[in-house]
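Listed below, chain by chain, are the residues.
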Amino acid sequence: MRKKILKYIFISIGALVLLIIYLSTIGIETEMFNKQIQDLVKQKNDKLDTSLKKIKLTLDPLNFKINAKTIDTKITFKGKPIEIEYIKTQISLNSLIKSQLVTSQIEISTKLILLKNFISFIRSIDNRPELFFLERFIKKGYLIADFKFNFDEFGVIKKDYKVNGLLKEGEISIFKKNKLEKINFLFNITENNFNFRNISFDTNNINFLSEKLNVQKDKKNYLLEGTIRNKNSTLNDQLLQIIKLRYPQFDLINTNFESKNDFSFNINNKFKVKNLEIDSSILIDSSQLKKNNLISQNFIEINDLIDIKDHKINVSYANKKISIKGKGQVKIQNKFELIDYEIINNGSDLNLVSNIELKELNIKNQSSIKEYLPKTKEILNLKDHKIELNYQDNVISLKGLGKIKLDKELNRIEYFFSKKDKKYNFKTALDINDTPIKIDIINYKKDKDLNSQLKINGNYNKKFGLNLKKVSLLSKNNSLIANDLKIDKNNKLSKVDKIDLDYFDNDNLRNKYVLSRVKNNNYEVKGSLLNADTIITNMLESKDDRQLDTFKENINITLNFSNVYLDNEYVVKNLNGKIRIIDNKVDQANITALFDNNENFSFTINTKNDEKITTLFSSKAKPLVKRYKFIKGFEDSSEGYLDFYSSKKDGVSNSKLIIDNFKVKEIPALAKLLSLASLQGIADLLTGEGIRFTDFEMNFTNKNKLMTIQELYAIGPAISILIEGYIEKNRIISLRGTLVPATTINRSIASIPLIGDLLVGKKVGEGVFGVSFKVKGPPKKLETTVNPLKTLTPRFITRTLEKIKKD
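Rules of the game
- Each chain has its residues counted from 1, running along the sequence as written.
- Side-chain atom pairs in this predicted model are given and counted only at pLDDT of 80 or more, local residue features only at pLDDT of at least 70, and totals for whole chains, interfaces and linings cover all residues.
- Side-chain measures were taken over the full set of non-hydrogen atoms in the model, leaving aside hydrogen atoms and water.
- Going along the chain from the N terminus, every DSSP run of H or I of four or more residues is numbered as a helix, and every run of E of two or more is numbered as a strand.
- The buried label goes to any residue with under 20% of its type's maximum accessible area, the exposed label to any with over 50%, and the partly exposed label to all in between, with areas taken from a 1.4 Å probe on protein chains only.
- Two residues qualify as a contact provided that any one of their heavy atoms is within 4.5 Å of a heavy atom in the partner residue.
- Residue-level accessible areas treat just the shown protein chains as cover; the underlying method is Shrake-Rupley with a 1.4 Å probe.
- Confidence per residue, as judged by the predictor, is encoded in pLDDT with a range of 0 to 100.
- Surface patches are defined over residues having more than 30% relative accessible area and no salt bridge, joining like charges when they lie within 9 Å and nonpolar side chains (Val, Leu, Ile, Met, Phe, Trp, Tyr) when within 5 Å.
- Salt-bridge detection follows one rule: a side-chain nitrogen of Lys or Arg within 4 Å of a carboxyl oxygen of Asp or Glu.
- Here the positive residues are Lys and Arg and the negative ones are Asp and Glu; neither His nor the chain ends is included.
- Here a polar contact is recorded for every N or O atom pair within 3.5 Å, except that within protein the pair must consist of a potential hydrogen donor and a potential acceptor, and residues adjacent in sequence are included only if both atoms are side-chain atoms.
- Aromatic pairs are defined between Phe, Tyr and Trp rings, using the six-membered ring for Trp, whenever the two ring centres lie within 6.5 Å; interplanar angles under 30 degrees are classed as stacked, those over 60 as edge-to-face, and all others as tilted.
- Here a strand pair is declared whenever DSSP counts at least two bridges between the two strands.

A. Fine view of the overall build of the protein chain. Secondary structure summary: the protein chain contains 14 helices and 44 strands in total. In the protein chain, which comprises 807 residues, the share counted as buried stands at 38%. Sequence-distant contacts in the protein chain: of pairs separated by 6 or more residues, those separated by 24 or more amount to 45%. When the accessible surface of the protein chain is summed, it comes to about 47,900 Å², and 53% of that surface belongs to carbon and sulfur atoms.

Right, dumping it as structure tokens:
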């Protein structure tokens, strides 16, 4: 009996061992738990449906648990399926005995499922806001994932869960024109760590790669750290638009680049980013920058597309501070130039330092330069320039050093420019060695072979105008210096403190004088030498009513010169005077000087009640009269003088010009023939001294462009002339008059009773008295008519008698 009992016990134990081995190795398949599992899922979310096949159970006798596994499970949420490769779990035998399904661990492995469906499924379990936005942003993609969860005795998931898997062909679109495509990566997720590896994605046709991306969770914040790089890619228009929003002046096209970017930042559950740090290395293989207003100035010939190549750029960003440091080549015109730069942007503060080695650059010449450097070429060539560009505290500055070809040779130039708000500061030093300098206003012209240096220091403000603190032009024996010269926004001179001039002019005469501001708008011009030849010529050739349009304010000028050249021959001493300019017109003037023999020279202007009276007297007429084109070869005697008077009111001037005792060497051939009728005329012509006149008087009026000659009368020992008519500038000339030899006049004077006969037109003796003439027509098509003069006009006789009476 005892043996039988032992036998049954061993058989039972053996059977139990075999059963345990069978259950542990082969197990059994059953559907008895399917309903319980489905009901449990429904309790969690009634929108979830599960489709389960048979569950395979294997025993884990050591842990007193049962391993359960099912394959090809399908979970459906709102009609969106999620296919499961398998589900594995461990069920406690105690819970099974108690008819309660309590698991301690579950493993889930999915098939290839749609990413969007998976996010919807996760939202059904944990409906966080970020998952809502993520579901909206995701357009497509596929996911394979393995999940491992551990549960406590109450069925609650522990925090040591693990999720592994891969994402393929994902697509996220946050902005319409900028989306992430072809997203692929491996991932490994635990409670507080998200690790992503072998990441690749495309955006705007650029493929980016990343070896790793780590995400660490700290309460409600996430720390992201990773690396992104791209191989040689082309920057497309969509991505460039983002750059242009921040830097609109950088309009790049055809940009090929590659980059490596290390980054880290914190982000909370509301997608707010903090502590962003970026460290990037960028290589721009080639690119083109469109010409814009910043670099497209009228005087620089710049390619419409500026080529850029081989730029190595390091970019770092931390604490809202971005730093960019780069170096490469840029082609502004025909050659590639080396440039380096460093940019630091800290909030609203932007600092920039850039250096460029400019081998060659062509700039357009300007009319303002051409006026003073007339022989310079239309295109000025810059060579071997080293330029430094700075931007700091809203101040942009540029300084450089190099050479410039003004004519044939290269000249050294150094320059500085800065801008803050609406104020521009500039400073330059230029060697001018191979081209002439011309300054008409002071009759100065530098010979092209004379080495000179021009220095300019000043500033410009759009509101207040140009302020030249100092301008100097220095060369051998020449010094031109101006200090604090201010020109307002309307190009009118508002102030000048001092102009110091010491130079030899075009006539090789030395000028040495200083213009100084005494007080407010009162100036003094004082010097030892002044060549006034050009000044006098310009005054005589210009309109008497010309407005200067030069000065902003009314000014007073005091003159004090020791010696003043009227021309190469005549000099006056002790020139003193005062000039008052109101509304850019000379209102008052009083200038006096002395010739060597203490003979006078004076010039006055007096304005009163809208009437301007101008007088000019010179004991020497020659230095003034010889400038008129219609009087050639003028010579005055030691006693000859000039006296001029003019009164102007309401735009009409009435003037009288008197010249006494002078000769003219070059006169018309007809006048020479008539002069042969006089013994004095023959003598004057044979000696080459010209035709002598003892008196010249001209009465005339001016209005706008019309000059009306009421009477021009000249009397001499050989010939006398009487002219009247009008001249309209550049349009028409109409003159008529008489030329009479002295023999006729002398004969008339010798027989006073004959004057009555002359007045009634009777001929005296045989022959004629002289000639009458008319000149009329446009200046270049004048028609001249000459007729014998068979009688003297009453006016001519009257003027002759006045002369006799005067003598």
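From this point on, the discussion continues.
B. Spatial organisation of the confidence of the model for the protein chain. On average, the protein chain scores 78 in pLDDT, and the residues at 70 or more come to 77%. pLDDT under 50 marks residues 666-689. Its contacts with residues more than four places away, or in other chains, come to 38 contacts. The low-confidence segment residues 747-767 (pLDDT under 50) makes 25 contacts with residues lying over four places distant or belonging to another chain.

C. Summary view of a nonpolar patch on the surface. Side chains of Ile5, Leu6, Ile9, Phe10 and Ile13 sit close together on the surface and give an oily, nonpolar patch of about 470 Å² of accessible area. Within the element layout of this structure, Ile9 appears in helix H1 (residues 2-25).

D. Representation of the side chain of Asp431. Summarising the element assignment, Asp431 is placed in strand S23 (residues 423-432). Buried Asp431, no salt bridge; nearest opposite-charge side chain is Arg412, N-O distance 5.2 Å. Looking at Asp431, its side chain comes within polar contact range of the side chain of Gln453, at 3.3 Å. Here Asp431 is in contact with Asn411, Arg412, Ser452 and Gln453, once residues within four sequence places are set aside.

E. Just the packing of aromatic side chains, in detail. Taken as a whole, this structure holds 11 aromatic pairs when the rule is applied. Centre to centre, the rings of Phe201 and Phe208 are 5.4 Å apart; their planes meet at 20 degrees, and the pair counts as stacked. Judged on exposure class, the residue Phe201 and its partner Phe208 are both buried. Residues Phe263 and Phe265 carry aromatic rings whose centres are separated by 6.1 Å and whose planes lie at 25 degrees to one another, so their mutual orientation is stacked. According to the relative accessible area criterion, Phe263 is buried, its value standing at 16%. Every member of this aromatic cluster is reached through a ring pair, and the members are Phe185, Phe187 and Phe196.

F. Focus on the pattern of salt bridges. Throughout the structure, instances matching the rule amount to 16 salt bridges. Where Asp440 meets Lys438, a salt bridge forms, and the shortest distance between an N and an O atom there is 3.8 Å. Relative accessible area serves as the criterion here: at 33%, Lys438 is assigned to the partly exposed category. Linking Lys656 and Glu697 is a salt bridge whose minimum nitrogen-to-oxygen distance equals 3.9 Å. On the criterion of sequence distance, the pair formed by Lys656 in strand S38 (residues 652-666) and Glu697 in strand S39 (residues 691-703) is long-range, its members being 41 residues apart. When salt bridges that share partners are traced, they join Lys495, Asp497 and Arg517 into one network.

G. Looking closely at the side chain of Gln333. Checked against the element boundaries, Gln333 lands in the loop between strand S17 (321-331) and strand S18 (336-346). Among the polar contacts made by the side chain of Gln333, one reaches the main-chain amide nitrogen of Asn362 at a distance of 2.6 Å.

H. Quick look at the pairing of strand S29 (residues 493-504). In the sheet, strand S28 (residues 478-487) pairs with S29 via 8 bridges, with the strands oriented antiparallel. Bridging across to S29, Ser479 finds its partner in Asp502. Hairpin geometry of S28 and S29 is characterised by an intervening segment of 5 residues between the two adjacent antiparallel strands and by a positive phi of about 60 degrees at Asn491. Of the strand pairs in this sheet, S29 and strand S30 (residues 510-519) are connected by 7 bridges, and their pairing is antiparallel. Residue pairing across strands places Tyr503 opposite Asn511, the latter belonging to S30. Here S29 folds back onto S30, and the loop between the two strands holds 5 residues, one of which, Asn508, carries a positive phi near 60 degrees.

I. Layout of the environment of Lys405. Relative to the assigned elements, Lys405 resides in strand S21 (residues 395-405). A residue is classified by how much of its surface remains accessible, and Lys405, at 26% relative accessible area, is partly exposed. Between the C-alpha atoms of Lys405 and Lys377, which are 28 residues apart in sequence, the distance is 8.8 Å. In this structure Lys405 touches Leu380, Asn381 and Leu410, once residues within four positions along its chain are discounted.

J. Local environment of the pairing of strand S35 (residues 600-608). Bridge analysis of strand S34 (residues 585-594) against S35 gives 7 bridges, and the strand direction is antiparallel. Bridged to Ala593 within S35 is Phe601. Turn length for the S34-S35 hairpin, with the two strands adjacent in sequence and antiparallel, is 5 residues, and the turn residue Asn598 shows positive phi of about 65 degrees. Relative to strand S36 (residues 611-618), S35 runs antiparallel, the two being bridged by 8 bridges. From the neighbouring strand, Phe601 faces S36, where its bridge partner is Ser618.

K. The arrangement of unusual backbone geometry in detail. Residue Asn477 is not a glycine yet carries a positive backbone phi of 70 degrees. With respect to the helices, strands and loops of the structure, Asn477 is situated in the loop between strand S27 (465-475) and S28. Given the relative accessible area of 54%, Asn477 is considered exposed.

L. Spatial organisation of the environment of Pro778. The topology assignment puts Pro778 in the loop between strand S43 (770-777) and strand S44 (783-789). Along the primary structure Pro778 and Ile727 are separated by 51 residues, whereas in three dimensions their C-alpha atoms are 9.7 Å apart. Not counting residues within four places of it along the chain, the set of residues in contact with Pro778 comprises Arg731 and Ile732.

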